[in-house]
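The primary structure of each chain is shown beneath.
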Amino acid sequence: IVSVLACAGASAQGVGSAELGSFRIARLHYSGGGDWYANQSSLPNLLAELQRRTGLLTAEREAVVTLDDERLFNYPMLYVTGHGTMRPLESDLARLREWLDAGGFLWVDDNYGLDSSFRETMERLYPDIELVALDGDHPIYSAYYDLPGLPKIHEHDGLPARGFALFDGGRMKVFYSFSSDIGDGLEDAAVHGDSAAVREAAMRMAINVCYFALTQS
């Protein structure tokens, strides 16, 4: 936990924390018309459980930022979700790449509908680097909890859940949870009626993502 606290509270190659000694995820308010605000209770629940289970000091709620927000570099991790479309401006992409290159970690959790525009965005962002599918034995699946791979949380179109990543210089800059909808399982129990087992699988995966983001070398 000591190394995680250090990463959360201090600058990591230029990206730091908005609250000294605490970890706070920033939800990205992206352009294009997608419902970036989906799963309202998911991130507060994640932050609370991350603190309770790991001892990492966290904020009570996520921040909300746009890519031109002056506070962007205060946050080590951006979270993206939604059912619709993301269409960032070229200036937004330049800022996002600057943030990623400075040490930021982007987690995109497709809420069924974001896939096509997200992949187009990645091609514009890093045209020479492809998203790669992760095997079930990748360290992100055992960063804190040992999991066999990305769990299937929301049954929607019958496709298997798959994790993808963008690596640059040996570091994972982007994690993409596809056909899973982790945010669904992180919400308050009454929102979707997910079983306790499904919600626990989502929480364990989300904690793994955060822990991996803060501890990868």
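Here goes a summary of the coordinates provided.

### Considerations on the sheet that holds strand β2 (residues 63–65)
Point 1. Pairing in this open sheet of seven strands is mixed, and the strands run β2-β1-β3-β4-β7-β6-β5 from one edge to the other. The strands lining the two open edges of the sheet, one partner per strand, are β2 and β5 (132–133).
Point 2. Helix-sheet contacts for helix α3 (residues 90–101) involve β3 (77–82), β4 (105–110), β6 (162–168) and β7 (171–178), and the interaxial angle to β4 is about 120°.
Point 3. Each of β3, β4 and β7 is contacted by helix α7 (residues 196–215), which is oriented at about 160° to β4, the strand it contacts most.

### A look at the packing of helix α2 (residues 42–54) against α7
Point 1. Between α2 and α7, the shortest axis-to-axis distance is 10 Å and the interhelical angle comes to 75°. Classified by the interaxial angle, the pair formed by α2 and α7 is roughly perpendicular. Taken together, the residues of α7 that come into contact with α2 (itself represented by N45, L46, E49, L50, R53 and T54) are E200, M203, R204, A206, I207 and C210.
Point 2. Across the contact of α2 with α7, the residue classes break down as six nonpolar, two polar and four charged.

### What about the packing of aromatic side chains?
Given two aromatic rings, their pairing is described by the distance between the two centres and the angle made by the two planes.
Point 1. In this structure the tally under the stated criterion is nine aromatic pairs.
Point 2. With a centroid separation of 5.5 Å and an interplanar angle of 80°, the aromatic rings of W36 and Y37 are classed as edge-to-face.
Point 3. A relative accessible area of 17% means that W36 is categorised as buried.
Point 4. You can call Y37 partly exposed: its relative accessible area is 45%.

### Comments concerning the pairing of β7
Point 1. Counting buried positions over the eight residues of β7 gives eight, a clear majority of the element.
Point 2. One ladder, built from four bridges, connects β4 with β7; its direction is parallel. Counterpart to D109 in the pairing with β7 is S177.
Point 3. Note: β6 against β7, seven bridges, orientation antiparallel. Note on β7: the bridge partner recorded for R162 is F178.

### Describing the environment of N208
Point 1. Tracing the backbone shows N208 in helix α7.
Point 2. Spatially, the C-alpha atom of N208 lies 14 Å from that of I25, the residues being 183 residues apart in sequence.
Point 3. Apart from the residues lying within four places of it in its own chain, the contact partners of N208 are I140, Y141, S142, A143, Y144, Y145 and L147.
Point 4. There is a polar contact of 3.4 Å between the side chain of N208 and the backbone oxygen of I140.
Point 5. At 3.1 Å, the side chain of N208 and the backbone nitrogen of Y144 are in polar contact.

### A closer look at empty space enclosed by the protein
Point 1. All told, the structure shown has one cavity of 30 Å³ or more when counted by the stated rule.
Point 2. In this structure, the largest cavity encloses a volume near 80 Å³.
Point 3. Considering the residues around the largest cavity, the lining is formed by L28, Y30, L67, V80, M86, P88, L93, L96, L106, T121 and M122.
Point 4. Mapped by element, the contributors of at least two residues to the lining of the largest cavity are α3 and α4 (115–125).
Point 5. Classifying every residue of the lining of the largest cavity gives ten nonpolar, one polar and no charged.

### Quick notes on the nonpolar core
Point 1. L46, W107 and F175 are the most contacted members of the largest nonpolar core, which has 34 residues in total.
Point 2. Within the residue set of this core, elements represented by two or more residues are α2, β3, β4, β7, α5 (182–186) and α7.
Point 3. When residues of this core are assigned to their parent elements, the largest contribution, ten residues, is made by α7.
Point 4. In this structure, V65, L78, W99 and L106 belong to the second largest nonpolar core, which totals 31 residues.

### Description of the pairing of β3
Point 1. In terms of burial, β3 is largely enclosed, as six of its six residues are buried.
Point 2. Two elements, strand β1 (residues 26–28) and β3, share two bridges in a ladder whose sense is parallel. Its bridge partner being in β3, R27 is matched across the sheet by Y79.
Point 3. Pairing between β3 and β4: six bridges, direction parallel. The residue of β4 that forms the bridge with M77 is F105.

Quick notes on the rules
- Residues numbered from 1 in each chain as written.
- Predicted model: local features only at pLDDT ≥ 70, side-chain atom pairs only at ≥ 80, totals over all residues.
- Heavy atoms only, no water.
- Pairing = 2+ DSSP bridges.
- Helix = DSSP H or I, 4+ residues; strand = E, 2+ residues; numbered from the N terminus.
- Contact = heavy atoms within 4.5 Å.
- Axes fitted to C-alpha atoms, helices over the stretch in contact; angles between N-to-C directions.
- Parallel < 35°, antiparallel > 145°, perpendicular 65-115°, else oblique.
- Nonpolar A, V, L, I, M, F, W, Y, C, P; charged D, E, K, R; others polar.
- Phe/Tyr/Trp six-rings, centres within 6.5 Å; stacked < 30°, edge-to-face > 60°.
- Buried < 20%, exposed > 50% of the residue type's maximum accessible area, 1.4 Å probe, protein only.
- Polar contact = N/O pair within 3.5 Å; in protein donor to acceptor, adjacent residues only side chain to side chain.
- 1 Å grid on protein atoms, 1.4 Å probe; cavity = no way out; pocket = protein on both sides within 12 Å on 5 of 7 lines; lining within 4 Å.
- Points joined across faces, edges and corners; volume = space filled by probe spheres on them.
- Core = buried A, V, L, I, M, F, W, Y, C linked by side-chain atoms within 4.5 Å.

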